[in-house]
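The chain contents come next:
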Amino acid sequence: MRDLTDPAARAEGVDPEAGLKEPIFENLEIPEDFGPVTIVVDDHKVKRFAFTQDDYRSWHFGDSPFGHRIGQAGLLTNDLVQLFTTKYAASRTVGLHTEEQLWFRSPVRVGERVTLRGRYVEAYERRGQGYVVMEAEAHGEDGRTLVRHRGVEILRTVPGEVAGRGSGGGSGPRVTGEIDESRPYAVTVADGVEPGTPLRPLEKVITQEQASVFSRTGEYVRNIHSDLDIARAAGLAIPIVQGQQQCCLILDLLTGFFGPAWLTNGWIRCKFVQPVAVFEPLSVGGVVTAVTTGADGRRTAELEVWVRRADRRLSTVGWAACPVSL
């Protein structure tokens with residue numbers, strides 16, 4: 001996609017997606033590489049992301065436990081998801097992100113130039129839908145790995161017809177979102193990580209403005225997350241919140257719970273199972289399911305995590321793990 005933040009590109013008045021491929025299953029190439037794409041994690045990028053998530057943790061606007069200002073855990077994750085739009089037209093994509101997996105290795109420094117690379121590694125058909133698997137990484141300017149991504153997406157579909165088919169099952173244990181109401185909530189690992197410990201939920205509402213900014217309205221991308229007409233053409237009453245934006249809400253919860261360790265050793269796998277309309281109240285929760293000890297003696301807390309809609313149905317379910325010092 002053309003960079004319309006460049007005044008010369010805006011002045012040309014050309015289609016910013018001219019020459020890009022139609023985002024349909026039949027046009028996939030396996031494998032297909034994307035990038036490298038280089039971006040600077042500047043103050044505006046951090047503030048923009050903070051607005052979309054209502055995530056204003058002090059680490060992102062001043063000093064942090066790492067000795068310098070850092071970006072949010074989810075800051076680069078949508079950039080990794082969207083790498084395919086360097087070759088496929090973003091505004092003609094009407095798909096659904098169905099699964100997301102992330103491995104965190106190092107926080108990104110504010111002001112740092114980062115490089116993103118990705119690849120389509122697999123494509124398959126299931127229940128009449130064409131799925132594609134992307135693997136991607138973000139690297140700091142010194143070459144260190146910041147975050148790894150593996151995502152699954154239906155490249156083109158009618159979201160109003162297929163949204164909500166998923167479940168909390170799959171290859172992991174079923175996530176129910178149920179907790180022992182008699183147990184006190186834990187805000188951080190210091191409050192305890194015994195199996196059954198529930199995390200204090202985050203209460204969030206993603207407005208249309210937040211969803212639009214997260215889903216690239218600033219780059220003139222129009223999609224089912226930002227445009228009412230496109231959403232209705234896709235069988236939706238109003239725009240829906242991007243799955244990746246919901247995943248980033250869980251990342252906010254886990255950053256608060258695990259602290260700095262989450263940004264250097266955290267892992268999460270999410271499945272997006274029900275749509276979320278903009279302006280819908282959400283509750284982001286989790287529960288410790290196990291604490292294991294590895295061969296090296298390091299203890300790791302395992303969790304189930306979720307996003308719950310106002311009607312009590314789960315929209316996102318997932319599994320997470322991170323080493324803990326106890």
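The structure presented is a predicted model; accordingly, all values stated were derived computationally and were not measured.

**Some details on the overall build of the protein**
On a plain count of helices and strands, the protein comes out with eight helices and 10 strands. Counting every position in the protein, which comprises 326 residues, the buried fraction comes to 53%. Considering only residue pairs separated by 6 or more positions, the protein has 72% of its internal contacts joining residues 24 or more positions apart. With an accessible surface of roughly 14,200 Å², the protein has 49% of that area assigned to carbon and sulfur atoms.

**Observations regarding the sheet that holds strand β5 (residues 145-154)**
Read from one edge to the other, the open sheet built from 10 strands follows the order β1-β3-β4-β5-β2-β7-β10-β9-β8-β6, with strand pairing classed as antiparallel. With partners counted over all chains shown, the strands left at the sheet margins are β1 (32-40) and β6 (202-205), one partner each. Ignoring which end each strand starts from, the neighbouring axes of this sheet average 20° apart. Both strand β9 (residues 299-308) and strand β10 (residues 314-324) contribute to a ladder of 10 bridges, which runs antiparallel. What sits directly across from Val305, in β10, is Gly318. Relative to the sheet, helix α7 (residues 243-258) contacts β2 (96-104), β6, β7 (267-272), β8 (281-293), β9 and β10, its axis offset from that of β9 by approximately 140°.

**Quick notes on the pattern of salt bridges**
Tallied over the full model, the rule gives 21 salt bridges. A salt bridge links Glu99 to Arg269; its shortest N-O distance comes to 2.8 Å. One end of the pair, Glu99, is in strand β2; the other, Arg269, is in strand β7, and 170 residues separate them in sequence. Its relative accessible area of 16% is what places Glu99 among the buried residues. What makes Arg269 buried here is its relative accessible area of 11%. In this structure, Asp252 and Lys204 form a salt bridge, with 3.3 Å as the shortest nitrogen-oxygen distance. Residue Asp252 is located in helix α7, and its partner Lys204 is located in strand β6; the two are separated by 48 residues in the primary sequence. Here Asp252 matches Lys204 in class, with each residue buried.

**Details of the packing of aromatic side chains**
Throughout the structure, instances matching the rule amount to 10 aromatic pairs. Between Phe84 and Tyr88 the ring centres are 6.3 Å apart and the planes differ by 45°, which places this aromatic pair in the tilted class. You can call Phe84 buried: its relative accessible area is 4%. Here the aromatic rings of Phe257 and Phe258 are separated by 5.0 Å at their centres, their planes lie at 80°, and the arrangement is edge-to-face. According to the relative accessible area criterion, Phe257 is buried, its value standing at 1%. Residue classification places Phe258 among the buried residues on the basis of a relative accessible area of 7%. Following the ring pairs from residue to residue traces out a cluster consisting of Phe34, Phe84, Tyr88 and Tyr120.

**Focus on the side chain of Glu32**
Tracing the backbone shows Glu32 in strand β1. On the basis of relative accessibility, which here comes to 4%, the residue Glu32 falls in the buried class. Side chain to side chain, Glu32 and Lys21 meet in a polar contact 2.9 Å long. When sequence neighbours within four positions are dropped, the list of residues in contact with Glu32 reads Lys21, Lys87, Tyr88, Gly118, Arg119 and Tyr120.

**Points about helix α2 (residues 43-53)**
Residues of α2 that are buried: Lys45, Val46, Phe49, Ala50, Thr52 and Gln53. The buried side chains of α2 occupy one side of the element, clustering within an arc of 165° when seen end-on. In this structure, the buried residues of α2 make contact with β1, α3 (77-81), β6, α5 (208-214) and α7. Positive backbone phi, approximately 55°, marks Asp54, located one or two places after α2.

**As for the nonpolar core**
Counting residues in each nonpolar core, the largest one holds 61 residues, and the members touching the most others are Tyr120, Leu251, Leu254, Phe258, Trp262, Ile268 and Leu303. Aside from chain neighbours lying at most four places away, what touches Ile268 is Glu100, Gln101, Leu102, Ile250, Leu251, Leu254, Trp262, Val305, Trp319 and Ala320.

Cut-offs and rules
Residues numbered from 1 in each chain as written. Predicted model: local features only at pLDDT ≥ 70, side-chain atom pairs only at ≥ 80, totals over all residues. Heavy atoms only, no water. Helix = DSSP H or I, 4+ residues; strand = E, 2+ residues; numbered from the N terminus. Buried < 20%, exposed > 50% of the residue type's maximum accessible area, 1.4 Å probe, protein only. Contact = heavy atoms within 4.5 Å. Areas by Shrake-Rupley, 256 points an atom, 1.4 Å probe, with all protein chains shown as cover. Pairing = 2+ DSSP bridges. Axes fitted to C-alpha atoms, helices over the stretch in contact; angles between N-to-C directions. Salt bridge = Lys/Arg side-chain N within 4 Å of Asp/Glu carboxyl O. Phe/Tyr/Trp six-rings, centres within 6.5 Å; stacked < 30°, edge-to-face > 60°. Polar contact = N/O pair within 3.5 Å; in protein donor to acceptor, adjacent residues only side chain to side chain. Arc of directions from axis to C-beta. Core = buried A, V, L, I, M, F, W, Y, C linked by side-chain atoms within 4.5 Å.

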